[in-house]
Amino acid sequence: MPKRNIKRTRKENRKKTESFSCRESCGHSVEMFSFKYFSFLFVALVALQTMAALASAESSEEASNAVGDIDNEWWKTAVFYQIYPRSFMDSNDDGIGDLRGVLSKLSYLAETGITATWLSPIFQSPMIDFGYDISDFKAIHEEYGTMEDFEELIAEANRLNIKIILDFVPNHSSDQCEWFIKSAAREEGYEDFYVWADGHINEDGEMEPPNNWQSVFYGSAWTWHPERGQYYYHQFTAEQPDLNYRNSKVVEAMDDVITFWLDKGVSGFRVDAVNHLFEDPELRDEPLSGKTQDKSSHLYTEHIYTKDLPEVYDMLYHWRNLLDEYTEKHGGPARIMMTEAYADLKFLMDYYENADGSKGPHFPFNFFLLTDISQTSDARDYVFNIQKWLTYMPRNHVANWVMSNHDNPRIASRLGVDSVDAMNMLLMTLPGVAVTYNGDEIGMQDFRDISWEDTVDPPARNVGPDKYKEVSRDPVRTPFQWSGEKNAGFSNADKTWLPVHPNYEELNLEIQKSLEKSHYSVYKDLIELRKLPVMEQGRTALEVISRNVFTVTRSLKGHSSILTIINTSDEEQMVNLLEVLDEDIKQLTVLVSGVNSIYDKGTEIPQEDFEHFILTPQEALVCMIE
């Protein structure tokens, strides 16, 4: 492999970066040859190392056992690609994404290298909270299609070796659910399906809720039901009454829902808002937090009686056992559970398993790179937030990393547009599971300027036109930007359910697929890189080189180590790599570099350049250590 002189002056570096767009459009033969040459070597390297790993099986029986292990552990190094169906692809031009739209784009996921996708709720719903208010847990919402569409989706996903994960929303139902209607009427067997309580009369002779609990979505968590003559409890909107998990019949009903979808062929569930499942049976007032004087705000109290109760663990262990028994009975790949809870780290660690060895979800979502990292974070913050999960996680379990989702700002908007490649490199080279929110592979951005008239998110509508932008989740849920065509290629409708981001003509998948180097090509390279044994099985070491630069090293005996170097700042950084590399290391070879990097894929960085190594603002590299 030819060496390149990477000692450029700052002026030369700037010139190379500025000429990027010209190189992409012109496609000079020398550059294209180099790109294809190194791409070929990279793919060949992956293939050779994978073949070597498979060759270690000494007999056909051992090889068969290895396949079985891979089948049961498929999720441990997977990239879970979250699809928000309402915004992914519209197949019938009504302005709303649907299942046939997802079906039409499964080939895109396969081409990208995705082998597991999680669908946000697709169930029958009045759509008050866009699918998180379910009226029938065993039916498909009509705007999304039919059960036949879903079955066809499963069949095609199986053909493409893509596993389908469904959103399971156990905390509550819609108030239009048959269960709630029967419970409100005190129908036998359903009287206590939900959390009901009497109110009390205040000094003014008015009826008040049972206590001071607030909804996550603003306002009291209690709503009066005239027919029942009682208040019912709801952690979210009034149209989302909480189920009562202290009632064994509720547990049985939700077990039946899980089994129903497993029988349909899904590979598992992402379980929504699990730390809200139980509340204090004595309905005691929660202590004031002192954070706000607004009694309607969720921040008004400390939620010691409505969140993170110990009973949550037993429910999760029960569901894990159900999934394991189903897999054992029916065979095939492991059916998995991943859980959503914004909770204390130690509380989350017992989700994995308790002291007695009872197992919970295969992994609880790790949100620390999402909630605790911002544009002001430096290298120390990143390493601290990564390391604390790895430190507290029980042995023999698998880490996971989440950078954005349908409830939180996208990478490009939260951390800056120049950080997209670096953050995807970090996400993909850390050990364990990576979770990608659809659109982050191309660097999509939040549409912050959605008007009040176009705003549909319940929390935003609740706080009104003056404050809605502070809490609205609509900006992160805008339609996927497939192309520069009408509505970004998402729909031919005159109006989409949320407006498309105005930047779609410049930022879309079609353009990025046509370029030699783009966010999308970087993302694909990273998925290919993850197939290396060192990435799947290797140990992890994190080092802070300076306030702004840190490294992640993956190493495995008998394999070349992989080094990820990240500049977290908006300024050029010069660092000494000899502080993290052994003196016998002769060179680094760049495997993945970002769109604006001064280093091309395949560039060899000799040892003499280690001491004064330059990274441009927000630059990251993934290199092989040789």
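Look a little higher up for the structure.
From a predicted model like this one, the values you see are computed outputs, not experimental measurements. (Residues numbered from 1 in each chain as written. Predicted model: local features only at pLDDT ≥ 70, side-chain atom pairs only at ≥ 80, totals over all residues. Heavy atoms only, no water.)

A. Representation of the overall build of the protein chain. Within the protein chain one finds 20 helices and 23 strands. The proportion of buried residues among the 626 residues of the protein chain is 58%. Roughly 26500 Å² of accessible area belongs to the protein chain as shown, and the carbon and sulfur atoms make up 48% of that amount. (Helix = DSSP H or I, 4+ residues; strand = E, 2+ residues; numbered from the N terminus. Buried < 20%, exposed > 50% of the residue type's maximum accessible area, 1.4 Å probe, protein only. Areas by Shrake-Rupley, 256 points an atom, 1.4 Å probe, with all protein chains shown as cover.)

B. Representation of the sheet that holds strand β9 (residues 222–225) in the model. Spatially, β6-β10-β9 is the arrangement adopted by the 3 strands of the open sheet, whose pairing is antiparallel. The open sheet has two edge strands with one neighbour each: β6 (196–197) and β9. Two strands pair when backbone bridges link them, and β9 and strand β10 (residues 230–233) are joined in this way by 4 bridges, in the antiparallel orientation. Bridge pairing in β10 links threonine 223 to tyrosine 232. (Pairing = 2+ DSSP bridges.)

C. Structural context of helix α7 (residues 147–159). With 13 residues, α7 should reach 18 Å at 1.5 Å per residue; the first-to-last C-alpha distance of 18 Å fits that figure. All buried positions along α7 are accounted for by Met147, Asp149, Phe150, Leu153, Ile154 and Ala157. The buried residues of α7 all sit within an arc of 155° when viewed along its axis, so they share a single face. Residues of α7 that are exposed and angled more than 90 degrees away from the buried face: Glu148 and Arg159. In this structure, the buried residues of α7 make contact with α5 (99–104), α6 (106–112), β2 (116–119), β4 (136–140), β5 (163–168) and α9 (248–263). Of the residues one or two after α7, asparagine 161 is the one with positive phi, at around 60°. (Expected span 1.5 Å × (residues − 1). Arc of directions from axis to C-beta. Contact = heavy atoms within 4.5 Å.)

D. Representation of empty space enclosed by the protein. Per the stated rule, a full pass over the model turns up 7 cavities of 30 Å³ or more. One number sums up the size of the second largest cavity: a volume of about 40 Å³. Lining the second largest cavity, in full, are Phe123, Ile134, Phe137, Asp167, Phe168, Val169, Val257, Trp261 and Phe269. Breaking the lining of the second largest cavity down by element, the ones donating at least two residues are β5 and α9. (1 Å grid on protein atoms, 1.4 Å probe; cavity = no way out; pocket = protein on both sides within 12 Å on 5 of 7 lines; lining within 4 Å. Points joined across faces, edges and corners; volume = space filled by probe spheres on them.)

E. Quick look at the environment of leucine 106. As for its position among the elements, leucine 106 is in helix α6. According to the relative accessible area criterion, leucine 106 is buried, its value standing at 0%. Spatially, the C-alpha atom of leucine 106 lies 8.6 Å from that of leucine 153, the residues being 47 residues apart in sequence. Every residue in contact with leucine 106, bar those within four places of it in the chain, is listed here: Leu153, Glu156, Ala157, Leu160 and Ile162.

F. The side chain of serine 289, seen in detail. For serine 289, the location among the structural elements is in the loop between β11 (268–271) and α10 (311–330). Taking relative accessible area as the criterion, serine 289 reaches 18% and is therefore assigned buried. There is a polar contact of 3.1 Å between the side chain of serine 289 and the backbone nitrogen of lysine 291. Ignoring any residue separated from it by four or fewer positions in sequence, one finds serine 289 in contact with Leu299, Tyr300, Thr301 and Glu302. (Polar contact = N/O pair within 3.5 Å; in protein donor to acceptor, adjacent residues only side chain to side chain.)

G. View of the packing of aromatic side chains. Following the criterion strictly, the structure yields 45 aromatic pairs and no others. Between tyrosine 108 and tryptophan 482 the ring centres are 5.3 Å apart and the planes differ by 80°, which places this aromatic pair in the edge-to-face class. Taken as a pair, tyrosine 108 in helix α6 and tryptophan 482 in the loop between α17 (468–471) and α18 (509–514) lie far apart in primary sequence, 374 residues in all. Through successive ring pairs, a cluster of aromatic residues spans Trp74, Trp75, Phe80, Trp118, Tyr342, Phe363, Phe365 and Phe367. Above the face of the tryptophan 497 ring, arginine 86 is positioned so that its terminal group lies 4.9 Å from the ring centre. The cationic tip of arginine 461 hangs over the ring face of tryptophan 452; the distance from NZ or CZ to the ring centre is 3.8 Å. (Phe/Tyr/Trp six-rings, centres within 6.5 Å; stacked < 30°, edge-to-face > 60°. Lys NZ or Arg CZ within 6 Å of the ring centre and 35° of its normal.)

H. Main features of the pattern of salt bridges. For the structure shown, the criterion picks out 31 salt bridges. With a closest N to O distance of 3.1 Å, lysine 495 and aspartate 454 form a salt bridge. Taken together, the positions of lysine 495 in the loop between α17 and α18 and aspartate 454 in the loop between β15 (433–437) and α16 (458–463) put the pair 41 residues apart, joining distant regions of the chain. In this structure lysine 495 comes out as exposed when scored by relative accessible area, which is 57%. Note on aspartate 454: relative accessible area 26%, which makes it partly exposed. (Salt bridge = Lys/Arg side-chain N within 4 Å of Asp/Glu carboxyl O.)

I. Fine view of unusual backbone geometry. One non-glycine residue, methionine 127, adopts positive backbone phi at about 65°. Examined against the element boundaries, methionine 127 turns out to sit in the loop between β3 (123–124) and β4. Here methionine 127 falls in the buried class, since its relative accessible area comes to 10%. Phi angles above zero are rare outside glycine, and aspartate 308 is one such case at about 60°.

J. Region of interest: the layout of surface pockets. Put simply, the second largest pocket is a space of about 1400 Å³. Looking at the second largest pocket, it is lined by 43 residues, and the ones nearest its centre are Val216, Phe217, Pro459, Val471 and Arg473. At the level of secondary structure, the elements contributing two or more residues to the lining of the second largest pocket comprise α16 and α17. Here the element with the most residues in the lining of the second largest pocket is α17; it accounts for 4 residues. Here the lining of the second largest pocket is built from residues that sort into 17 nonpolar, 11 polar and 15 charged. (Nonpolar A, V, L, I, M, F, W, Y, C, P; charged D, E, K, R; others polar.)

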